[in-house]
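Fold and contact review
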Amino acid sequence: MSRFIRFVVLNVALLALVSVTLGQTSTGTISGTVTDENQAAVPGATVTVRNTETGGSRTATTGSDGRFSFTSMPIGAYEVSVEAATFARYLQTGIQLLVNQNAVINPNLRVGSLEEVVTVAGDASLLNTTTAEVSTRFDERRLSELPIAPNRSVFNVLLSVPGVSQLGSGQTGFANGISFSSNGGRVRSNSFLLDGQDTNDPSVAGGQIALNNPDAIQEVRIVTNQFLAEYGRNSGSIVNFVGKSGTNDYRGSVFWFHNNQYLNSCSNLDKSAGFCNPNAATEARKNAPRRLENQVGFTLGGPVTLPWPGDGDNPFFWKGRDRTFFFIDYQRWSDRALGSGFTLSGAPTAEGRQILQSVVGNRPQVQALLNFVPAGSPNGTNATFNVGGTDYLVPLGNLTGSSSFTFDDHQGAVRIDHRLNEKNLIYGRYRYDYAKTAGTGQVTPPGLTTIVDTKTKAANIVWTAL
């Protein structure tokens with residue numbers, strides 16, 4: 001039994017070590033130099049950084065040059081406090097740490113007692129002065145306000161980045177999901193990460209995990225030039241999606257997005273098929289083709305709360321405030337539509353089918369035509385054929401083939417964060433997407449439409465040991 005336990009612990013440790021390398025791309029750094037009023041370095045000062053949302057904190061002492069650095073910090077809101085003998089306590093709030101950011105904070109201490117507090121409210125500069133990377137960042141506010149319709153895919157925000165261009169009209173989409181070129185690079189030269197985990201499609205390109213719930217994403221960062229050595233793999237762009245995590249406060253959202261034919265306009269193809277015609281004989285033809293689409297979901301995060309029996313006489317609820325947090329999200333997406341379809345010119349009309357059946361209906365190729373191709377609407381054209389020295393005239397017409405399109409999708413995630421102590425943080429995340437599409441592909445002859453059933457999952461465990 002002890003050998004089995006050692007085996008499990010060893011494998012978990014190896015998994016954590018591997019994930020640490022990948023997880024570095026979803027954290028940041030807080031660093032700076034402590035000086036006095038004369039801009040002289042202050043050695044031996046105690047610097048404490050605290051996450052104001054989760055309560056996690058770390059402490060360090062400045063060196064002889066007054067410098068300090070906190071690496072592998074989870075992104076979020078922070079405050080920095082500095083204490084040193086003969087100086088007033090320094091406190092800076094409102095620091096928002098971003099993915100892969102080196103937030104530079106340079107506290108300037110004033111002579112005084114520790115009972116005095118100098119409070120500064122201000123974020124670190126967003127100007128990157130430590131690396132040559134060229135990147136664009138989308139926070140949760142931009143994700144909620146920028147147009148990412150019609151499918152609410154978070155990938156759509158990437159198309160607004162300078163140097164990123166989507167495929168032109170008539171070009172074939174090569175990548176899974178969204179196809180784009182960064183600075184003229186190949187479509188498959190983009191790399192996609194989720195919380196630092198590689199989610200690239202190994203067969204073609206693009207991200208394997210669908211992300212259609214922007215409420216579940218904390219930040220999106222795309223690097224388009226001068227990549228750091230930790231990335232590698234691709235030369236076009238590096239895209240990192242960072243999911244939300246729980247905090248000391250319970251937070252969540254509920255949403256419902258609805259779409260139907262009364263909210264849509266007609267394309268030229270729809271109009272040529274007879275839709276959006278105010279003089280149509282049927283009500284269905286007066287509007288856009290039938291459509292019923294709904295996206296319903298929620299997000300919820302906060303400290304883990306569990307019932308605890310206590311000593312048996314005093315049960316209570318254990319609350320993981322400042323230590324253990326959860327975040328879950330879920331979305332149910334359904335779509336029902338009837339497209340206008342494509343028109344096939346040259347299908348025999350009902351009269352033409354009778355002529356074919358009576359004259360050459362015993363021929364296999366003619367019988368296959370009559371079995372699988374419905375009668376067309378007369379368009380004034382004809383075709384002739386000769387059998388036994390007799391010419392026959394077959395009236396032809398147009399046949400528009402369309403099928404009911406159905407799409408069902410379930411996607412969601414569960415994330416647990418736990419702070420073992422000041423120097424050990426661990427989190428695990430599991431995300432899934434189950435989708436089923438039916439009704440695409442060839443419509444005529446009937447029975448040849450395509451059914452696609454896909455299941456994608458992504459899981460990681462990241463242990464940050466300092």
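Residues numbered from 1 in each chain as written. Predicted model: local features only at pLDDT ≥ 70, side-chain atom pairs only at ≥ 80, totals over all residues. Heavy atoms only, no water.

1. A word on the pattern of salt bridges
With the rule as written, the count across this model stands at 18 salt bridges. For the salt bridge of Glu-116 with Arg-110, the shortest nitrogen-to-oxygen distance reads 3.5 Å. For Asp-335, the salt bridge goes to Arg-291, with nearest N and O atoms at 2.8 Å. With Asp-335 in strand β20 (residues 324-338) and Arg-291 in strand β17 (residues 291-303), this residue pair connects regions lying 44 residues apart in the sequence. (Salt bridge = Lys/Arg side-chain N within 4 Å of Asp/Glu carboxyl O. Helix = DSSP H or I, 4+ residues; strand = E, 2+ residues; numbered from the N terminus.)

2. Comments concerning the state of the cysteines
According to the stated counting rule, one finds one disulfide in the structure shown. A disulfide bridge connects Cys-266 with Cys-276, and the sulfur atoms are separated by 1.9 Å. Disulfide Cys-266-Cys-276: the torsion about the S-S bond is 85°, which places it as right-handed. Taken together, the residues span a long stretch of sequence, with Cys-266 in the loop between β16 (251-260) and α3 (268-272) and Cys-276 in the loop between α3 and β17 at a distance of 10 residues. (Disulfide = S-S within 2.5 Å.)

3. Looking at the sheet that holds strand β1 (residues 27-33)
Here we have three strands laid out as an open sheet, ordered β4-β1-β7, and mixed in their pairing. Edge strands, defined here as strands with exactly one partner in the open sheet, are β4 (67-74) and β7 (102-104). Each neighbouring strand pair of the sheet contributes to a mean axis angle of 20°, computed without reference to strand direction. Pairing of β1 with β4 involves six bridges; the strand directions are antiparallel. Paired with Gly-32 across the bridge in β4 is Phe-68. (Pairing = 2+ DSSP bridges. Axes fitted to C-alpha atoms, helices over the stretch in contact; angles between N-to-C directions.)

4. Concerning the side chain of Asn-259
Note that Asn-259 resides in strand β16. Given the relative accessible area of 16%, Asn-259 is considered buried. Those residues in contact with Asn-259, other than ones at most four positions away along the chain, are Asn-264, Arg-291, Leu-292 and Glu-293. (Buried < 20%, exposed > 50% of the residue type's maximum accessible area, 1.4 Å probe, protein only. Contact = heavy atoms within 4.5 Å.)

5. Overview of the environment of Gly-44
Along the chain, Gly-44 falls in the loop between β1 and β2 (46-51). The class for Gly-44 is partly exposed, based on a relative accessible area of 46%. With residues near it in sequence (within four places) discarded, Gly-44 still touches Thr-61, Thr-62 and Gly-63.

6. Regarding the confidence of the model for the protein
For the protein, the mean per-residue pLDDT works out to 85, and 89% of the residues sit at or above 70. Contacts for the low-pLDDT stretch residues 7-24, under 50 throughout, to residues beyond four places or in other chains number 14 contacts. (pLDDT = per-residue confidence, 0-100.)

7. Details of the pairing of β20
Two elements, β17 and β20, share 13 bridges in a ladder whose sense is antiparallel. Following the sheet pairing, Pro-303 is matched in β20 by Phe-325. Pairing of β20 with strand β24 (residues 404-421) involves 15 bridges; the strand directions are antiparallel. Pairing of Ile-328 across the sheet is with Val-414, part of β24.

8. Here's the deal with helix α4 (residues 350-360)
Buried within α4 are the following residues: Gly-352, Leu-356 and Val-360. Projected down its long axis, α4 shows its buried positions confined to an angular sector of 40°, all on one face. Along α4, the residues that are exposed and aim more than 90 degrees away from the buried face are Gln-354 and Ser-358. (Arc of directions from axis to C-beta.)

9. A few points about the pairing of strand β5 (residues 76-83)
When you tally the buried positions in β5, you get seven out of eight residues, the bulk of the element. Here β2 pairs with β5 via six bridges, running antiparallel. Within β5, the residue paired with Asn-51 across the bridge is Tyr-78. Note: β5 against strand β6 (residues 89-97), six bridges, orientation antiparallel. Bridge pairing in β6 links Gly-76 to Leu-97. Hairpin connection, β5 to β6: the antiparallel pair is bridged by five residues, and Thr-86 has positive phi, about 70°.

10. Focus on the packing of aromatic side chains
What the rule picks out here adds up to 11 aromatic pairs. The interplanar angle of 85° and the centroid separation of 6.2 Å between the aromatic rings of Phe-180 and Phe-192 together place this pair among those described as edge-to-face. With a gap of 12 residues between them, Phe-180 in strand β11 (residues 180-182) and Phe-192 in strand β12 (residues 190-194) connect regions that are remote in the sequence. Following the ring pairs from residue to residue traces out a cluster consisting of Phe-155, Phe-180, Phe-192 and Phe-241. Just above the ring of Phe-255 sits the side chain of Arg-152; from NZ or CZ to the centre is 4.7 Å. (Phe/Tyr/Trp six-rings, centres within 6.5 Å; stacked < 30°, edge-to-face > 60°. Lys NZ or Arg CZ within 6 Å of the ring centre and 35° of its normal.)

11. Remarks on unusual backbone geometry
Despite not being glycine, Cys-276 has its phi angle at roughly 60°, a positive value. We classify Cys-276 as partly exposed; its relative accessible area is 29%. One non-glycine residue with positive phi stands out, namely Asp-322, at about 65°. According to the relative accessible area criterion, Asp-322 is partly exposed, its value standing at 30%.

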